[in-house]
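Here are the chains, one letter per residue:
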Amino acid sequence: MTAFEELQSVTEQARNEQDLPDYLAERIFWIIENQDRFHAREAEIDDLAEKVANYDTYGQTGYLGMGVNNDILEKTLKHLEETI
């Protein structure tokens, strides 16, 4: 499975099971659709996929939590989008 296929899979799962907001999912799907712009940044795509897989809207974030919230995803997406 490629990094982009993994990203798509975990994004769909987070959207269906963890209430990943549509506005974040749409930005992630845009990256997947434009993978030619991100092909040299596979490590960052892997990192994004891991964060999406650990997405947790309501808890397990912060001091000891392992989850990823909207703010963390927003910062990661912004970095990817600004550096293309």
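Time to look at the overall build of the protein. Assigned secondary structure in the protein consists of five helices and zero strands. The N-to-C order of helical and strand elements in the protein reads α-α-α-α-α. A compact globule built from 84 residues would reach a C-alpha radius of gyration of about 12 Å, and the protein, at 12 Å, matches this within 12%. Its C-alpha atoms put the protein at 35 × 25 × 25 Å along the principal axes.

Let's shift gears to helix H1 (residues 3–17). Between its first and last C-alpha, H1 extends 21 Å over 15 residues, near the 21 Å set by a 1.5 Å rise per residue. Considered for burial, the residues of H1 that qualify are Ala3, Phe4, Leu7, Val10, Thr11 and Ala14. Buried residues of H1 fall within an arc of 130 degrees about the axis and therefore sit on the same side. Within H1, the exposed residues directed more than 90 degrees away from the buried face are Asn16 and Glu17. Phi for Asp19, located one or two positions after H1, is positive at around 60 degrees.

Let's shift gears to unusual backbone geometry. The backbone of Asp19 shows a phi angle near 60 degrees, a positive value even though the residue is not glycine. Mapped onto the fold, Asp19 is located in the loop between H1 and helix H2 (22–33). According to the relative accessible area criterion, Asp19 is partly exposed, its value standing at 44%.

For the coordinates displayed, the defined rule picks out five salt bridges. Residue Asp22 pairs with Arg15 through a salt bridge whose shortest N-O separation is 3.1 Å. One salt bridge in this structure joins Glu44 and Arg41, with 2.9 Å as the shortest N-O distance. When its relative accessible area of 27% is taken as the criterion, Glu44 is described as partly exposed. Residue classification places Arg41 among the buried residues on the basis of a relative accessible area of 12%. Because the salt bridges share partners, they merge into one network encompassing Arg27, Glu74 and Glu81.

So, how was this worked out
Residues numbered from 1 in each chain as written. Predicted model: local features only at pLDDT ≥ 70, side-chain atom pairs only at ≥ 80, totals over all residues. Heavy atoms only, no water. Helix = DSSP H or I, 4+ residues; strand = E, 2+ residues; numbered from the N terminus. Rg over C-alpha atoms; globule rule 2.2 N^0.38 Å. Expected span 1.5 Å × (residues − 1). Buried < 20%, exposed > 50% of the residue type's maximum accessible area, 1.4 Å probe, protein only. Arc of directions from axis to C-beta. Salt bridge = Lys/Arg side-chain N within 4 Å of Asp/Glu carboxyl O.

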